[in-house]
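# Notes for the structure review
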Amino acid sequence: MSDDKTLAETLAQRGISRRSFLKFCASIASLMAMPPAMAVEMAEKLAAARRQSVVYLSFQECTGCLESLTRSHSPKLEDLIFDAISLDYQETLVACAGHFAEHILKEAIEKNDGKFILMVDGSIPLKDGGIYSTIAGRTNLDILEWVAPHAAAVIAVGSCAAFGGIPKANPNPTGAVAVSDIIKDKPIINVPGCPPIPVVITGVIAHYLTMGTIPDLDELGRPKVFFGDSIHDRCYRRPFYDQGKFAKSFDDEGARNGWCLFELGCKGPTTHNACATTKWNGGVSFPIESGHGCLGCSEPDFWDAGSFYTALSAPTKDVANWAAIGVAAGAAIGVAAGIANRSTKTETKRTRKPLTVDDLKGKPKS
Amino acid sequence: MNSLKGIPIIKLDATPVMSHGNALPLLHEIEVLLDQLIATGKSGAIDLRSLPMLADDYEKLKEILGEGEVKATVDAMGPSQVRETAIHGVWWVTHFNSDATVLAEFIEITYIPEILQTHPADARMGLENLRSRLMSTSQVDKGETDV
Amino acid sequence: MNIFDILQWARGTGLQIAVVIFSVGVLIRLLEMWMLNRKPDLAEPRASGTLGGWRTVFTRSAPSMVLMKKAGLLLVSGYIFHLGFFIVLFFFAPHIRLFHNMFGVSWPALPNGIIEIITILSIGALFALLAHRIMNPVQRFLSTFQDYFVWLASLLPLLTGYLLLHTSDFSYSQMLTAHLLSVELLLVIFPFTKLMHAFTTFFSRWYTGAMAARKGVTV
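All figures in this text were calculated on a predicted structure; none of them were measured in a lab.

Rules used throughout
Residues numbered from 1 in each chain as written. Chains lettered and ligands numbered in written order. Predicted model: local features only at pLDDT ≥ 70, side-chain atom pairs only at ≥ 80, totals over all residues. Heavy atoms only, no water. Domains from an automatic or database assignment. Pairing = 2+ DSSP bridges. Helix = DSSP H or I, 4+ residues; strand = E, 2+ residues; numbered from the N terminus. Axes fitted to C-alpha atoms, helices over the stretch in contact; angles between N-to-C directions. Contact = heavy atoms within 4.5 Å. Buried area = accessible area lost by both parts, 1.4 Å probe. Polar contact = N/O pair within 3.5 Å; in protein donor to acceptor, adjacent residues only side chain to side chain. Nonpolar A, V, L, I, M, F, W, Y, C, P; charged D, E, K, R; others polar. Parallel < 35°, antiparallel > 145°, perpendicular 65-115°, else oblique. Left-handed = near helix turned anticlockwise from the far one by under 90°. Salt bridge = Lys/Arg side-chain N within 4 Å of Asp/Glu carboxyl O. Patch = residues over 30% accessible without salt bridge, like charges linked within 9 Å, V, L, I, M, F, W, Y side chains within 5 Å. Areas by Shrake-Rupley, 256 points an atom, 1.4 Å probe, with all protein chains shown as cover. Lys, Arg positive; Asp, Glu negative; His and termini not counted. Charge placed at Lys NZ, Arg CZ, Asp CG, Glu CD.

So, about the domain arrangement of chain B. Domain assignment breaks chain B into domain 1 (23–116) and domain 2 (118–147). When each unit is reduced to the centre of its C-alpha atoms, the spacing between domain 1 of chain B and domain 2 of chain B is 38 Å.

Across the sheet, five strands lie side by side as β1-β5-β4-β3-β2 (chain B); this open sheet has antiparallel pairing. Each edge of the open sheet carries a strand with a single partner, namely β1 (44–47) and β2 (71–75) of chain B. The mean angle between the axes of side-by-side strands here comes to 20°, regardless of whether they run parallel or antiparallel. Running over the sheet, helix α2 (residues 18–31) of chain A touches β1, β2, β3 (79–84), β4 (90–96) and β5 (102–109) of chain B and is turned about 95° from β5 of chain B. The sheet contacts of helix α1 (residues 23–40) of chain B involve β1, β4 and β5 of chain B, and relative to β1 of chain B the element is tilted by about 160°.

Right, let's get into the interface of chain B and chain A. Taken together, the 33 residues of chain B in the interface contact 24 residues of chain A. Taken together, both faces of the contact between chain B and chain A bury some 2500 Å²; the carbon and sulfur share is 60%. When residues of chain B are sorted by the area they lose upon contact with chain A, Met 77, Leu 103 and His 119 of chain B head the list and together hold 21% of the total. If you look at where chain B meets chain A, you find 10 residue pairs in polar contact (both at pLDDT 80 or more). Only β1, β3, β4, β5 and α3 (120–146) of chain B provide two or more residues apiece to the side of chain B that touches chain A. When grouped by side-chain class, the residues that make up the side of chain B that touches chain A number 17 nonpolar, 11 polar and five charged.

Two elements in contact, helix α14 (residues 320–351) of chain A and helix α2 (residues 13–35) of chain C, have axes separated by 7 Å at closest approach and are oriented at 30°. Our classification of the angle between α14 of chain A and α2 of chain C gives roughly parallel. With respect to the hand of their crossing, α14 of chain A and α2 of chain C are arranged in right-handed fashion. When the residues that make up the contact of α14 of chain A with α2 of chain C are grouped by side-chain class, the tally is 16 nonpolar, seven polar and two charged.

Contacts between the two partners involve 38 residues from chain C and, on the opposite side, 48 residues from chain A. Sorting the residues of chain C by area buried against chain A places Arg 11, Met 35 and Tyr 172 of chain C first, and these three jointly supply 19% of that buried surface. Inspection of the chain C/chain A interface yields one salt bridge. With a shortest N-O distance of 3.4 Å, Glu 263 of chain A and Arg 97 of chain C are connected by a salt bridge. Counting the contacts that link chain C with chain A gives 13 residue pairs in polar contact (both at pLDDT 80 or more).

The next thing to look at is a positive patch on the surface. Taken together, the side chains of Arg 342, Lys 345 and Lys 349 of chain A together with Lys 39 of chain C present a region of like positive charge at the surface. By the secondary structure assignment, Lys 345 of chain A is in helix α14.

Next comes the structure, spelled out in structure tokens:
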């Protein structure tokens with residue numbers, strides 16, 4: 001496919017009309033909570049865009065993110081974005097293998113130096129020289145430090161690339177870190193989730209293609225349009241939280257009535273993601289709709305944030321035993337202090353010299 | 001509860017969903033947008049998926065807006081339904097994916113929804129297309145007369 | 001260090017530290033006071049001191065009509081704040097969840113709407129009390145830094161807790177972190193400030209009542 005044609009021209013040859021662009025952009029705009037009128041403008045820009053080169057590197061990961069992205073649906077409107085990009089390197093999807101595959105990566109970097117988008121999936125192990133994850137004899141760190149300086153922007157796909165994810169979970173045996181811990185001089189868009197919502201990934205790419213910029217990011221580097229609201233803010237069970245109606249177990253009356261799952265450990269209030277609005281599996285549902293609390297997978301260190309089944313208001317560590325230790329220690333110290341105070345009292349009483357008239361007259365005692 | 005049989009089967013009455021009362025404010029917004037359309041010619045749209053709508057709100061909205069004269073289907077990578085409601089100038093646009101899931105849903109307040117209009121670039125392509133068809137037809141015609 | 005790390009610290013280690021300081025501090029202070037006991041009163045009691053003590057615990061806790069006339073605002077605000085703080089602390093569902101998690105006991109909660117109203121009333125009462133403290137010359141003269149500090153430390157958990165229920169302008173994580181830290185601050189300063197009165201007030205009332213009862217006086 002020639003790269004100097006616009007997307008509209010390329011796709012028109014395949015019978016994909018501008019109405020499809022409009023429709024795609026309408027759904028993206030809806031997803032990104034943009035005013036519906038933006039869709040028309042976005043469609044114009046997307047139609048006029050050139051194909052964007054993308055290099056996708058997989059590090060310490062489970063390929064769940066790629067599964068989420070590529071197996072999201074049968075060929076559909078969202079896949080239009082795949083026509084808009086030229087995925088120049090992706091180990092799992094690349095047709096060739098071995099030296100050929102490595103050659104393709106080198107070629108992709110050279111051909112689009114400073115222009116391609118680098119998508120990274122997985123965390124990077126640093127311990128023991130990064131030997132815990134290597135590709136073609138090179139460590140992940142080595143590859144990232146080689147490729148990233150040539151990219152226009154980096155999209156960290158999934159919680160591992162964005163925050164270290166499960167590989168980084170306590171005790172972090174491989175010394176895993178996030179992309180942002182290594183790459184400091186490139187714009188990095190974090191698209192966390194375990195896995196991330198596929199349309200969120202495509203939405204970020206669509207934003208880059210149509211606006212030519214990276215979207216507004218929050219303090220954790222996540223696009224605000226998708227991660228601006230908490231699950232709790234957008235949850236259809238929110239009214240039950242406000243009414244104080246909570247399921248106490250997964251099979252009680254409250255659970256059957258669809259009440260709030262806060263007490264069963266739902267992390268919705270502290271989790272920022274678009275699950276409650278975009279939903280999963282082509283809009284079927286999302287975890288809370290299926291009766292299970294949110295795990296908080298798009299937040300840093302979600303794996304170590306206490307039990308998935310402990311309410312957010314409850315402590316993540318053992319406090320009761322520490323309180324008991326505190327009471328015991330307090331009692332011991334208190335009694336000791338009390339005894340000390342008593343002996344001071346006795347001593348004071350013993351050594352106390354009563355005031356005499358002579359004292360008042362200022363005469364020295366004889 | 002170690003086996004599947006240990007999980008009790010409990011039959012529940014389907015309880016009606018309580019309305020949030022989101023339909024009425026939405027209808028008022030439509031009223032404002034329609035007024036604006038008439039006054040300034042500026043189209044407006046409301047993204048139905050951006051609002052926490054329950055089934056009752058949805059039905060209420062459908063009931064009040066009603067069914068109009070125009071029903072169109074656009075087939076662009078999955079169907080899109082474009083229907084004018086009984087309130088002229090208020091359109092209900094639903095975009096479906098190729099597996100019939102709803103991608104986006106809008107109430108558009110406009111004289112004609114954007115997706116029904118032909119894009120100028122598409123019209124140019126149509127013209128080229130038509131001309132090439134005419135050309136081949138006239139060539140065929142010529143060929144026939146020659147015989 | 002992001003907000004999430006701070007939140008995790010506040011929910012775990014921070015809470016542990018605060019609870020230990022609180023329990024150690026409160027016990028030391030209570031035991032110290034208790035062990036500095038007075039000499040036994042060898043006089044023949046006119047009535048049971050124990051009973052008189054308990055009576056006073058209740059009578060002094062009920063509103064006084066005399067004070068109501070003299071300092072109504074102070075009295076009403078005081079009651080609203082103290083009762084409100086107690087109700088919010090012990091009858092808000094997420095708080096009960098915390099106690100259940102720590103001690104394995106739970107009890108029915110009040111609806112969030114009622115908790116919200118009580119929280120607003122308590123915050124209002126705190127501000128009325130502050131206004132009185134500043135505007136009344138005598139009370140202002142008697143106020144030290146600690147009085148204002150303790151006022152702020154009592155306000156913050158209520159305020160952050162209220163904002164936690166109304167997260168439209170704030171992120172829940174940020175507010176929850178602020179709420180937990182404010183509660184931890186309150187726990188840490190508790191044993192070493194006037195906040196100790198939450199424990200000592202009832203001992204003191206009992207003692208006053210018991211002493212008086214032995215002498216045949218009802219207070």
